[in-house]
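An overview of the molecular structure
So the chains spell out like this:
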Amino acid sequence: MELSSALLQSAVHALDRVLDFRYPADAALSAYFRDNHKLGVRDRAFVAEAVFGVLRRYRSLAAAVPAVNPRTLLVAWLLKVRGMNTATLERFAKPELLQHIRAARSDELPLGVVAELPDWVVEKLLPTTPEADLLALGRALQQPAPLDVRVNTLKADRAAVRTQLVAEGFAVGTTPYSPWGLRFRDHPAINRHALFLDGTLEVQDEGSQLLALLVGARRGEMVCDFCAGAGGKTLALGAAMASSGRLYAFDVAEKRLARLKPRLARSGLSNVMPQRIESENDARVKRLAGKLDRVLVDAPCSGFGTLRRNPDLKFRQSPASVTELTQKQAGILRAAARLVKPGGRLVYATCSLLPEENEGIVEAFLAEDGFEPVSAAALLAQQGVDLDTGDTLKLSPALHGTDGFFAVAMVKKAA
């Protein structure tokens, strides 16, 4: 599309709102579009691409401009990332700025800048991650995530759904690991498609699908998604249970559970019981002590594994916020563990990359001697998933094309 001064200025104003990081970027951008409702669909698409493009490459773009502000960052993104030619940009930027950006060297930038990760995150990852691997991870996190969907096995067969979508002209293939997943080459408005509206398809990253497979919920069991949120994994667990047994979906946030309700109605599941709890120590939680076959704890975390989707998170988290999160994670895991019956399975998971939110939490928990770990690779193999990341499930956008996930499966020892 042709870039006009008005469109460039819209992108600058939108970016200015986002860069104060008071709100999640998608929320700030939505508010900007509400305030500027006359922007057309294509203009909105450009503004969104520009804003998220700058966020993904913020550190290297900031290193390339003489003064960091929304306009210079946007011009640098158009020139260095979008590949727009200098002649076009001379209508919007001074030649001195363009020359400065073009002359900026990238071969001597620090690792954190090239990887587009905060220095404190790099410091936490380097002891267990070689520089080359960290750089590959950072570059993978700079790319937009693909559109993955899960086929609701209560309603349809994955192969049949893919055949239908291909016949309709969609470029879509199967996910490499999850037996439920499809991956679109582009980002079509799938939420308007009949298969989405009738609950056959749910938007869900393949990594999230694999977490549900690791839980291994079966027909007739009592299962809990302890931090259910908007319910993506809840719905996957319910379908795996063939809508039998009982599936509790707990969360402390009414708004998140409210987003589950329309998804649940579409899904056709009748075994899900969404319940808002005051905390992990709610009386409704305590009543289930020792009764459940499987419990999933997808704990609230820093979210660094989701930077492809939420690049602003790296600017909105800090060492202090991570320390606060680890205290919360440890408490939630202990509370959820009390629900598991002897021989039952507990899965702790995050979408974080940081060891202190992952191995650190699990090692401290296992030291209390009530549970023992089980090989994630073996459990996934039982589900027909050919993926071996060792005893723990570690998913990386660089290696697996999913969001970054960590998960450990544990079995409660007999009393």
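Just so it is clear, the structure is predicted and the values come from calculations on it, not from any experiment.

1. Digging into the overall build of the protein
Assigned secondary structure in the protein consists of 20 helices and twelve strands. Here the C-alpha radius of gyration of the protein, 23 Å, is about what a compact globule of 415 residues would show, namely 22 Å. Taken along the three principal axes of its C-alpha coordinates, the protein extends 75 × 50 × 40 Å. For the protein, the proportion of its 415 residues judged to be buried stands at 52%. The contacts of the protein with a sequence gap of at least 6 include a subset with a gap of at least 24, amounting to 71%. Total accessible area on the protein is roughly 18500 Å²; 51% of this is exposed by carbon and sulfur atoms. Mean positive and mean negative side-chain charge positions of the protein (53 and 46 charges, respectively) differ by 5 Å.

2. Re the packing of helix α1 (residues 5–18) against helix α5 (residues 70–81)
Relative orientation of the contacting elements α1 and α5 amounts to 120 degrees, with a least axis distance of 9 Å. In terms of orientation, α1 lies oblique with respect to α5. The hand of the α1/α5 crossing is right-handed. Contacts from Leu8, Gln9, Ala11, Val12, Leu15 and Asp16 in α1 reach Pro70, Arg71, Leu73, Leu74 and Leu78 in α5. Across the contact of α1 with α5, the residue classes tally to eight nonpolar, one polar and two charged.

3. Let's talk about the environment of Thr86
Tracing the sequence through the fold places Thr86 in helix α6 (residues 86–89). The buried category is assigned to Thr86, whose relative accessible area is 17%. Here the alpha-carbon distance between Thr86 and Glu356, two residues 270 residues apart in the chain, equals 45 Å. Sequence-distant contacts of Thr86, defined by excluding residues within four places in its chain, comprise Leu79, Leu98 and Arg102. At a separation of 2.8 Å, a polar atom in the side chain of Thr86 contacts the side chain of Arg102.

4. Re the nonpolar core
Counting 39 residues, the largest nonpolar core has Leu3, Phe46, Val47, Val51, Leu74, Trp77 and Leu78 as its most contacted members. At the level of secondary structure, the elements contributing two or more residues to this core comprise α1, α2 (25–35), α3 (41–56), α4 (58–64), α5 and α7 (95–103). Excluding its chain neighbours within four sequence positions, the residues that come into contact with Leu3 are Leu8, Phe46, Leu78, Met84, Arg91 and Phe92. Leu211, Leu214, Met241 and Ala407 belong to the second largest nonpolar core, which has 37 residues in total.

5. Comments concerning the sheet that holds strand β1 (residues 147–151)
Each strand in a sheet pairs with another by means of backbone hydrogen bonds, the pair being arranged parallel or else antiparallel. Taking strand neighbours across the sheet as the criterion, the four strands line up as β2-β3-β1-β4 in an open arrangement whose pairing is antiparallel. Either end of the sheet is taken by a strand with one partner, and the two such strands are β2 (172–174) and β4 (201–203). Taking each pair of neighbouring strands and ignoring which way they run, the sheet shows an average axis angle of 35 degrees. As judged from the four bridges shared by β1 and strand β3 (residues 181–184), these two strands associate in the antiparallel manner. Its bridge partner lying in β3, Arg150 is registered against Gly181.

6. Some points on the packing of aromatic side chains
Going through the model one piece at a time under the given rule, you end up with eight aromatic pairs. Note on Tyr58 and Phe315: the rings are 5.2 Å apart at their centroids and 70 degrees apart in plane angle, and the pair reads as edge-to-face. Of this pair, Tyr58 sits in helix α4 while Phe315 sits in helix α17 (residues 313–316); the two residues are 257 residues apart in sequence, bridging distant segments of the chain. On the accessibility criterion, Phe315 (26% relative accessible area) is partly exposed. Ring plane angle 85 degrees and centroid distance 6.1 Å describe the contact between Phe226 and Phe250, whose orientation is recorded as edge-to-face.

7. Describing α7
Turning to α7, its buried residues are Leu97, Leu98 and Ile101. Buried positions in α7, seen along its axis, are confined to an arc of 95 degrees and lie on one side of it. Facing away from the buried side of α7 by over 90 degrees, the exposed positions are Pro95 and Glu96.

8. A look at helix α14 (residues 232–240)
Counting buried positions along α14 yields eight of nine residues, so the element is predominantly enclosed. Along α14, the positions that sit buried rather than exposed are Gly232, Lys233, Thr234, Leu235, Ala236, Leu237, Gly238 and Ala239.

9. Comments concerning the packing of α1 against α2
Axis separation between α1 and α2 bottoms out at 9 Å; the angle between their running directions is 135 degrees. As judged from the angle between their axes, α1 and α2 are oblique. Handedness of the α1/α2 crossing: right-handed. For the pair α1 and α2, the contacting residues are Ser10, His13, Ala14, Arg17 and Val18 in the first and Ala25, Ala28, Leu29, Ala31, Tyr32 and Asp35 in the second. Each residue belonging to the contact of α1 with α2 can be placed in one class, and the counts come to seven nonpolar, two polar and two charged.

10. Looking at unusual backbone geometry
Non-glycine residue Phe21 carries a positive phi angle of around 60 degrees. Mapping Phe21 onto the fold places it in the loop between α1 and α2. At Asp369, a residue that is not glycine, the phi angle is positive and equals roughly 70 degrees. Mapped onto the fold, Asp369 is located in the loop between α19 (359–366) and β10 (371–374).

11. What about the pattern of salt bridges?
Taken as a whole and judged by the stated rule, the model has 26 salt bridges. Residues participating in the shared-partner salt-bridge network are Asp205, Arg308, Arg309 and Asp403.

Conventions used here
- Residues numbered from 1 in each chain as written.
- Predicted model: local features only at pLDDT ≥ 70, side-chain atom pairs only at ≥ 80, totals over all residues.
- Heavy atoms only, no water.
- Helix = DSSP H or I, 4+ residues; strand = E, 2+ residues; numbered from the N terminus.
- Rg over C-alpha atoms; globule rule 2.2 N^0.38 Å.
- Buried < 20%, exposed > 50% of the residue type's maximum accessible area, 1.4 Å probe, protein only.
- Contact = heavy atoms within 4.5 Å.
- Areas by Shrake-Rupley, 256 points an atom, 1.4 Å probe, with all protein chains shown as cover.
- Lys, Arg positive; Asp, Glu negative; His and termini not counted.
- Charge placed at Lys NZ, Arg CZ, Asp CG, Glu CD.
- Axes fitted to C-alpha atoms, helices over the stretch in contact; angles between N-to-C directions.
- Parallel < 35°, antiparallel > 145°, perpendicular 65-115°, else oblique.
- Left-handed = near helix turned anticlockwise from the far one by under 90°.
- Nonpolar A, V, L, I, M, F, W, Y, C, P; charged D, E, K, R; others polar.
- Polar contact = N/O pair within 3.5 Å; in protein donor to acceptor, adjacent residues only side chain to side chain.
- Core = buried A, V, L, I, M, F, W, Y, C linked by side-chain atoms within 4.5 Å.
- Pairing = 2+ DSSP bridges.
- Phe/Tyr/Trp six-rings, centres within 6.5 Å; stacked < 30°, edge-to-face > 60°.
- Arc of directions from axis to C-beta.
- Salt bridge = Lys/Arg side-chain N within 4 Å of Asp/Glu carboxyl O.

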